[in-house]
Amino acid sequence: MSNKQELSPEQREELLKALKARFEKNMHRHEGLEWADVQANLDTNPEKLWSLNEMERTAGEPDVVGHDKKKDEYIFYDCSTESPKGRRSICYDREALESRKKHKPENSAIDMATDMGIELLTEEQYRALQELENFDKKTSSWVQTPSDIRKLGGALFCDYRFGHVFTYHNGAESYYGARGFRGSLSV
C-alpha cells in the first residue's frame, strides 16, 4: 500500500464524521443497521477508507445501502442526488478513450473506478439503489456493460425519468457533461 492510499488522521476523522452524519440522516437506506458495526468494519479495513474518501472527494456522497451477512461486509454506493460531479464528462473505458482522435475526455469511468478502488454499479445494483430513493433525475450514470455489447462498441448507462429507471446505450467513446458513474464498495 503506497502512502498515496493512506489518509492522514485528520482526513480519516473528517471522513468518518461525514459518513456517520450521512448514515444517521438517511436511515431509510439501511434500516436495521447500526453505525457502530459499520465503523468497526471500517476500522479493520483502512485501505477501504481511502476508497471511500475518493468517493467523497469526487462528490459521490457514499452511504451504506446494505449488509452482506455471509461476508459480514457493508455495501456502500454513491448516493449523491445526481451523478457525482467529480466524475462527469468521461467516456466508458480505456479502449473508448484511446479510440477518440479529437476532443478526448480526460478519463474513463472504468479507469477512474479502478484508480479509486471501487466498481461501477451494475444495472441491477442501479435499479436497487433507485428503490431506496430517486437519483439521476437530471443526469445519467454509466453502468457495467456486458462484454457482448462492449465488443460491438457500445456501453450502457441509466437514469431516472418519468417515474421509471431507464437503461440506454451509447457508443462507449461518447461523453457528456451530465453523465458520470456511480460506484460501489464493500467493507
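Here the structure is a predicted model, which is why all the values come from computation and not from measurement.

Participant: Would you mind showing me how to read the packing of aromatic side chains here?
Facilitator: Aromatic ring pairs are defined here through the distance separating the ring centres and the angle between the ring planes. With the rule as written, the count across this model stands at five aromatic pairs. When the ring of tyrosine 92 is compared with that of tryptophan 142, the centres are 5.6 Å apart and the planes differ by 65°; the resulting orientation is edge-to-face. Of the two residues, tyrosine 92 sits in the loop between strand 2 (73–78) and helix 4 (94–99) while tryptophan 142 sits in strand 4 (residues 140–143), which places them 50 residues apart along the sequence. We note that tyrosine 92, like tryptophan 142, is buried. Relative to phenylalanine 157, the ring of tryptophan 142 lies with its centre 6.1 Å away and its plane at 80°, an arrangement referred to as edge-to-face. Separated by 15 residues along the polypeptide, tryptophan 142 in strand 4 and phenylalanine 157 in strand 5 (residues 154–161) bring together distant segments of the chain. The same class applies to tryptophan 142 and to phenylalanine 157, which are both buried. Through successive ring pairs, a cluster of aromatic residues spans Tyr92, Trp142, Phe157, Phe166 and Tyr168. Of note, arginine 87 hangs over the ring of phenylalanine 181, and the distance from its end group to the ring centre comes to 5.0 Å. For arginine 179, the ring lying beneath its charged end belongs to phenylalanine 157, and the centroid distance is 3.4 Å.

Thresholds, definitions, all that
Residues numbered from 1 in each chain as written. Predicted model: local features only at pLDDT ≥ 70, side-chain atom pairs only at ≥ 80, totals over all residues. Heavy atoms only, no water. Phe/Tyr/Trp six-rings, centres within 6.5 Å; stacked < 30°, edge-to-face > 60°. Helix = DSSP H or I, 4+ residues; strand = E, 2+ residues; numbered from the N terminus. Buried < 20%, exposed > 50% of the residue type's maximum accessible area, 1.4 Å probe, protein only. Lys NZ or Arg CZ within 6 Å of the ring centre and 35° of its normal.

Any functional reading would require information beyond the geometric quantities listed.
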